[in-house]
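Chain residues, written in single-letter form:
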Amino acid sequence: MPFHTIDAVLGGIALTLSLLVAFAGASLAFHAADFVPSFAPLIAIAVFALLVILATGLIGRAVHAHHPLVPGRLSLAVPGREANVWKLLGFLNLFNLSVLIHTYACPVTLRGVLYRFFGTRVGHNIMIGGKIIEPWMVSLGDFVILGEDSLVTGHLIRGSELILGRVRIGNNVTVGLKAVVMPDVEIGDGAVVWAGAVVPMGSRIGPGEEWAGIPARCVRRAGVRV
């Protein structure tokens, strides 16, 4: 079966199961809200949205627990099980991002809880204004700020090759507005990635360093320009 067909079938099954669960829950909530009939439709809609997110998230966690993805290189030209798992997890993750992040339904101060549910290792007192792709590949320390429209991704595609890599962000790190952090990147404690920077794959940002540009490079170390 062609790769895209498998991807569509797996994604369709996962989404259908999630929608059935959500519809059943919303129906129960609607009929249980007889004591406030004027608010019953709103309650049902809220329950439906919550259950869709919960169900897709749990399916994603179950899939990753059974078929965990690890850093490495995969072929998209002749895809195997790992590539199909990556596509399915990506679909479920992006579906939830569209519902919660793109619509600003989830405030930045609560997105850490959401990403922890999706598999990200999250520290304390963080603010996420951007997006994390492949959350199971990303870890965030304490007091991390990901600026508005920033992107942290655990994958890179070159032609027909898919590259997966972990992203480790230390404590007290700031990733600026619209910055991009590619896979296989480590950012040390107290570092800053300037707005609009693109941190290339394989970069190692030392503690307290400031990186800027496309591709990003170190522009300040220990408060001194380099």
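Residues numbered from 1 in each chain as written. Predicted model: local features only at pLDDT ≥ 70, side-chain atom pairs only at ≥ 80, totals over all residues. Heavy atoms only, no water.

A.B. asks: Got a sec to walk through helix H4 (residues 111–118)? Specific residues and values, please.
C.D. replies: Of all the positions in H4, only Arg 111, Gly 112, Leu 114, Tyr 115 and Phe 118 are classed as buried. For H4, the angular spread of the buried residues around the axis is 160°, confining them to a single face. Once H4 ends, the next one or two residues include Gly 119, with phi positive near 120°. (Buried < 20%, exposed > 50% of the residue type's maximum accessible area, 1.4 Å probe, protein only. Helix = DSSP H or I, 4+ residues; strand = E, 2+ residues; numbered from the N terminus. Arc of directions from axis to C-beta.)

A.B. asks: Talk me through helix H2 (residues 40–66); I want residue IDs and the actual numbers.
C.D. replies: Counted at 1.5 Å a residue, the expected span for H2 with its 27 residues is 39 Å, and the 38 Å between its end C-alpha atoms agrees. By the burial criterion, the buried members of H2 are Ala 40, Ala 44, Val 52, Ile 53, Ala 55, Thr 56, Gly 57, Gly 60, Val 63 and His 64. (Expected span 1.5 Å × (residues − 1).)

A.B. asks: Any details on a nonpolar patch on the surface? Residues and values, ideally.
C.D. replies: The grouping of Phe 39, Leu 42, Ile 43 and Ile 45 at the surface amounts to a nonpolar patch, some 400 Å² of accessible area in total. With respect to the helices and strands, the residue Ile 43 is situated in helix H2. (Patch = residues over 30% accessible without salt bridge, like charges linked within 9 Å, V, L, I, M, F, W, Y side chains within 5 Å. Areas by Shrake-Rupley, 256 points an atom, 1.4 Å probe, with all protein chains shown as cover. Salt bridge = Lys/Arg side-chain N within 4 Å of Asp/Glu carboxyl O.)

A.B. asks: Give a description of the packing of H2 against H4 that names residues and reports values.
C.D. replies: With their axes 9 Å apart at the nearest point, H2 and H4 run at an angle of 45° to one another. Regarding the angle of H2 to H4, the classification is oblique. Contact residues: H2 offers Ile 53, Leu 54, Gly 57, Leu 58 and Arg 61, while H4 offers Arg 116, Phe 117 and Phe 118. In the contact of H2 with H4, the residues fall into five nonpolar, one polar and two charged. (Axes fitted to C-alpha atoms, helices over the stretch in contact; angles between N-to-C directions. Parallel < 35°, antiparallel > 145°, perpendicular 65-115°, else oblique. Contact = heavy atoms within 4.5 Å. Nonpolar A, V, L, I, M, F, W, Y, C, P; charged D, E, K, R; others polar.)

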